[in-house]
Amino acid sequence: MSPPVAPPGWSRWLVPPAALSVHLSIGQAYAWSVFKPPLESALGLSGTQSALPFQLGIVMLGLSAAFGGTLVERNGPRWAMTVALICFSSGFLLSALGASLEQYWLIVLGYGFVGGIGLGIGYISPVSTLIKWFPDRPGMATGIAIMGFGGGALIASPWSAQMLESFGGDSTGIALAFLVHGLSYAVFMLLGVLLVRVPRHAPGAEGTARQAHTGPQVSAKQAIRTPQFWLLWLVLCMNVTAGIGILEKAAPMITDFFADTSTPVSVTAAAGFVALLSAANMAGRIGWSSTSDLIGRKNIYRVYLGVGALMYALIALFGDSAKPLFILCALVILSFYGGGFATIPAYLKDLFGTYQVGAIHGRLLTAWSTAGVLGPLIVNWIADRQEEAGRHGASLYGLSFVIMIGLLVVGFVANELVRPVDPRHHVPAPKEAARVERQQSESA
């Protein structure tokens, strides 16, 4: 499937909606918790077991993005979006079969493994194309698309809950909900497949990537040999770990923090807090990434990591005595979490050029897989140990917040160490770039 080239006069503003159709769909992953209680009830699962499809999906997201990044660069966004559509929708259809037969392993295989591949390929599918269409505003362009991943749960969560209420929470109702998801997302993602275009490189064409190949250009193979790649890997991993540490345990965390006060948090209010965090996550992806176009990528990560550490410190010291302060700090941290995801492709473009930025981005997302395990592990394990020791309330989280502050400081230092890539790693010229790409294709 050859990448579709935009005809003369094609508006580049049609590309972000194409990307959004994919990201809003795969952003359903953040709404998996809606299915946890009915699955536990219908199939007799523990909380750990019901979380497995989501955890495997995030792991496969990072791995498929890393190993499939070069294929995405080579075959173009339409191919990548098609693969994402097939895998993500098939994952739901397999899960529907598993729920209908009450075979949980099929749900893990479908949603976690097959659907997780769709998550990874779909996540990186528009990144390189958007950067080439918007060389003047790469942070804003990628922020628009990646905003969809953060906001997908705002649509999927109430939609899924309504379906489970209508179909029932037994295995048959869950199977029907999975089936509707699979078919609906296939149709919605197809819009992106049909709409996406790559820019023409002819001089003077509207919306072309005139600046796409100016400046340093580094191949994906060379990028992972540079210290800059691994410093950014550390930056992303630390930022995501800090954000997901709150996101994964948001409802019980705010309940615990104010359980011993005169104003405890109800279940409904805790759910509202989770919705606010999702909105902050989504808003940060477009707001902070667009700001990075104005103040620079290194400066915006100084904000994410430095101010993020300050927010954690305020929660640890004063969070249980002032509910508005707790909520405000958590919202800021989650906006930085989303902003970090949306800004990293533009940071990669600044350092490594656009030559294989999608493939480089895919490899870097292994930091997300690591953080997806690390963040919840730190918060949950420490909270469990503190509870076993007889502590309760805000004291369950004090130590984990101190660790998060330390991780953000590590990320801050790593960001300060980022320097321009040594010229010896650059692809020297367009002809040489074509030769390198041909050699990589033959060795793949």
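Not measured: the values here are computed from a predicted model. (Residues numbered from 1 in each chain as written. Predicted model: local features only at pLDDT ≥ 70, side-chain atom pairs only at ≥ 80, totals over all residues. Heavy atoms only, no water.)

A. Quick peek at empty space enclosed by the protein. A complete count under the given rule lists 1 cavity of 30 Å³ or more for this structure. Approximately 40 Å³ is the volume found for the largest cavity. Around the largest cavity sit N239, A242, G243, Y304, G308, I333, F336, Y337 and L408, which together line it. At the level of elements, α10 (227–247), α13 (297–318) and α14 (323–352) are the ones that each hand at least two residues to the lining of the largest cavity. (1 Å grid on protein atoms, 1.4 Å probe; cavity = no way out; pocket = protein on both sides within 12 Å on 5 of 7 lines; lining within 4 Å. Points joined across faces, edges and corners; volume = space filled by probe spheres on them. Helix = DSSP H or I, 4+ residues; strand = E, 2+ residues; numbered from the N terminus.)

B. Spotlight on helix α17 (residues 398–416). With 19 residues, α17 ought to run about 27 Å at 1.5 Å a step, and its terminal C-alpha atoms sit 28 Å apart, in line with that. What α17 keeps buried is the set S400, F401, M404, L407, L408, G411, A414 and N415. All buried residues of α17 lie within an arc of 130° about the axis, which places them on one face of the element. Among the structural elements, α10, α11 (250–257), α13, α14 and α16 (366–388) are those in contact with the buried residues of α17. (Expected span 1.5 Å × (residues − 1). Buried < 20%, exposed > 50% of the residue type's maximum accessible area, 1.4 Å probe, protein only. Arc of directions from axis to C-beta. Contact = heavy atoms within 4.5 Å.)

C. Broad picture of the layout of surface pockets. Each pocket or cavity is described by its volume, and for the largest pocket that value is around 1200 Å³. Lining the largest pocket are 38 residues, with S33, K36, F54, L247 and E248 positioned closest to its centre. Looking at the lining of the largest pocket, the elements with two or more residues in it are α2 (36–43), α3 (47–75), α7 (138–167), α10, α11, α12 (267–295) and α16. No other element matches α3, which puts 7 residues into the lining of the largest pocket. When grouped by side-chain class, the residues that make up the lining of the largest pocket number 24 nonpolar, 11 polar and 3 charged. (Nonpolar A, V, L, I, M, F, W, Y, C, P; charged D, E, K, R; others polar.)

D. Broad picture of the pattern of salt bridges. What the rule picks out here adds up to 8 salt bridges. A salt bridge links D350 to R297; its shortest N-O distance comes to 2.8 Å. Placement of the pair is D350 in helix α14 and R297 in helix α13, with a sequence separation of 53 residues. Look at D350 and you get partly exposed, because its relative accessible area is 37%. Given a relative accessible area of 9%, R297 falls into the buried group. Residues R385 and E388 are paired through a salt bridge, measuring 2.8 Å at the closest nitrogen-oxygen approach. Of this pair, R385 and E388 both sit in helix α16, 3 residues apart, which is roughly one turn of the helix. Its relative accessible area of 29% is what places R385 among the partly exposed residues. Classification of E388 by relative accessible area gives exposed; the value is 60%. The structure contains a network of salt bridges with shared partners spanning R12, D136 and R137. (Salt bridge = Lys/Arg side-chain N within 4 Å of Asp/Glu carboxyl O.)

E. A look at a nonpolar patch on the surface. Where nonpolar side chains cluster on the molecular surface, the patch consists of L93, F167, L176, L179 and L183 and spans about 400 Å² of accessible area. Here the element with the most residues in the nonpolar patch is helix α8 (residues 171–195); it accounts for 3 residues. Along the chain, the position of L176 falls in helix α8. (Patch = residues over 30% accessible without salt bridge, like charges linked within 9 Å, V, L, I, M, F, W, Y side chains within 5 Å. Areas by Shrake-Rupley, 256 points an atom, 1.4 Å probe, with all protein chains shown as cover.)

F. Geometry of the packing of aromatic side chains. Inspection of the entire model under this criterion finds 30 aromatic pairs. Arranged with centres 6.4 Å apart and planes meeting at 50°, the rings of W230 and W233 form a pair that is tilted. On the criterion of helical spacing, the pair formed by W230 and W233 is a turn pair, its members being 3 residues apart in helix α10. Residue classification places W230 among the partly exposed positions, given a relative accessible area of 47%. Ring geometry for F257 and F258: centres 6.3 Å apart, planes at 50°, overall tilted. Like F258, F257 is buried. Linked through ring pairs, W32, F35, F88, F92, Y111, W159, F178 and Y185 together constitute an aromatic cluster. It is R197 that lies over the ring of W10; its NZ or CZ is 4.7 Å from the centre. (Phe/Tyr/Trp six-rings, centres within 6.5 Å; stacked < 30°, edge-to-face > 60°. Lys NZ or Arg CZ within 6 Å of the ring centre and 35° of its normal.)

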